[in-house]
Amino acid sequence: MSRHPTGSASARRESRFRVKCPHCLSFARARSSDLLTPTYREVRFECQNDACGHIWVAGLEALRTLCPSDIPNPAIAIPLATGQAHRSEPATPAG
């Protein structure tokens, strides 16, 4: 059994994270990125729609741990997900 929540076949595949332009909804290309901290990176995106031409910077941050590292870095503190916190959909408020 794989220790990764996505399964061993998915873990071996290259990531195909796709971002759309917030204006025209065309796909965008990551042009460059800067690692600002060990858990935060800024990524410069460029819209692929020539008629749009939007270029923007987005942040990518490690928010919570779903499966702890077998070789943890003691200088890195990423909180462990608890209960439903690891689900992809936002939690609905009680009440």
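None of the values given here were measured: they were computed from a predicted structure.

*Asks:* Even after reading the chapter, I still don't get the overall build of the chain, so can you show me in this structure?
*Replies:* Helices and strands together make up the secondary structure of the chain, namely one helix and three strands. Ordered by position from N to C terminus, the α and β elements of the chain give α-β-β-β. Taking all 95 residues of the chain together, the buried fraction comes to 9%. For the chain, restricting intrachain contacts to residue pairs at least 6 apart in sequence, the fraction spanning at least 24 positions comes to 22%.

*Asks:* Can you walk me through the nonpolar core in this structure?
*Replies:* Most often, soluble globular proteins keep nonpolar side chains buried together rather than apart. Of all hydrophobic cores here, the largest spans seven residues; its members are V19, C21, A28, V43, F45, C47 and W56. The element contributing the most residues to this core is strand β2 (residues 40-47), with three residues. Apart from residues lying up to four places away in sequence, V19 is in contact with S26, F27, A28, F45 and W56.

*Asks:* Is there a simple way to think about the sheet that holds strand β3 (residues 55-61) in this case?
*Replies:* Strands in a sheet are paired, the pairing made by backbone hydrogen bonds, and the direction either parallel or antiparallel. One open sheet holds the three strands; their spatial order is β1-β2-β3, and the pairing between them is antiparallel. Looking along the sheet, the strands with just one partner apiece sit at the ends: β1 (28-37) and β3. Taking the axes of each pair of neighbouring strands and ignoring which way they run, one obtains an average angle of 25 degrees across the sheet. Bridging between β1 and β2 involves eight bridges; their strand directions are antiparallel.

*Asks:* Is there a simple way to think about the packing of aromatic side chains in this case?
*Replies:* The geometry of two aromatic rings is summed up by the distance between their centres and the angle between their planes. Applying the stated criterion to the full structure yields one aromatic pair. Ring plane angle 25 degrees and centroid distance 5.6 Å describe the contact between F45 and W56, whose orientation is recorded as stacked. On the criterion of sequence distance, the pair formed by F45 in strand β2 and W56 in strand β3 is long-range, its members being eleven residues apart. A single burial state applies to F45 and to W56, both of which are buried.

*Asks:* Could you clarify how one ought to interpret unusual backbone geometry in this entry?
*Replies:* Glycine aside, the phi torsion of most residues is negative, and most peptide linkages are trans. Not every positive phi belongs to a glycine, and L25 is a case in point at roughly 70 degrees. Mapped onto the elements, L25 comes out in the loop between α1 (8-12) and β1.

*Asks:* Hey, could you run me through the layout of surface pockets in this one?
*Replies:* If a probe the size of a water molecule is rolled over the atoms, the empty space left behind becomes visible. The space that makes up the largest pocket amounts to roughly 170 Å³. Every residue along the wall of the largest pocket is listed here: T65, P68, S69, P72, N73, I76 and I78. Broken down by class, the residue content of the lining of the largest pocket amounts to four nonpolar, three polar and no charged.

*Asks:* Honestly, the side chain of T65 in this entry has me stumped. Any pointers?
*Replies:* Structurally, the position occupied by T65 is in the segment after β3. Side-chain polar atoms of T65 contact the backbone oxygen of I78, separated by 3.4 Å. Apart from the residues lying within four places of it in its own chain, the contact partners of T65 are I78, P79, L80 and A81.

Conventions and cut-offs
Residues numbered from 1 in each chain as written. Predicted model: local features only at pLDDT ≥ 70, side-chain atom pairs only at ≥ 80, totals over all residues. Heavy atoms only, no water. Helix = DSSP H or I, 4+ residues; strand = E, 2+ residues; numbered from the N terminus. Buried < 20%, exposed > 50% of the residue type's maximum accessible area, 1.4 Å probe, protein only. Contact = heavy atoms within 4.5 Å. Core = buried A, V, L, I, M, F, W, Y, C linked by side-chain atoms within 4.5 Å. Pairing = 2+ DSSP bridges. Axes fitted to C-alpha atoms, helices over the stretch in contact; angles between N-to-C directions. Phe/Tyr/Trp six-rings, centres within 6.5 Å; stacked < 30°, edge-to-face > 60°. 1 Å grid on protein atoms, 1.4 Å probe; cavity = no way out; pocket = protein on both sides within 12 Å on 5 of 7 lines; lining within 4 Å. Points joined across faces, edges and corners; volume = space filled by probe spheres on them. Nonpolar A, V, L, I, M, F, W, Y, C, P; charged D, E, K, R; others polar. Polar contact = N/O pair within 3.5 Å; in protein donor to acceptor, adjacent residues only side chain to side chain.

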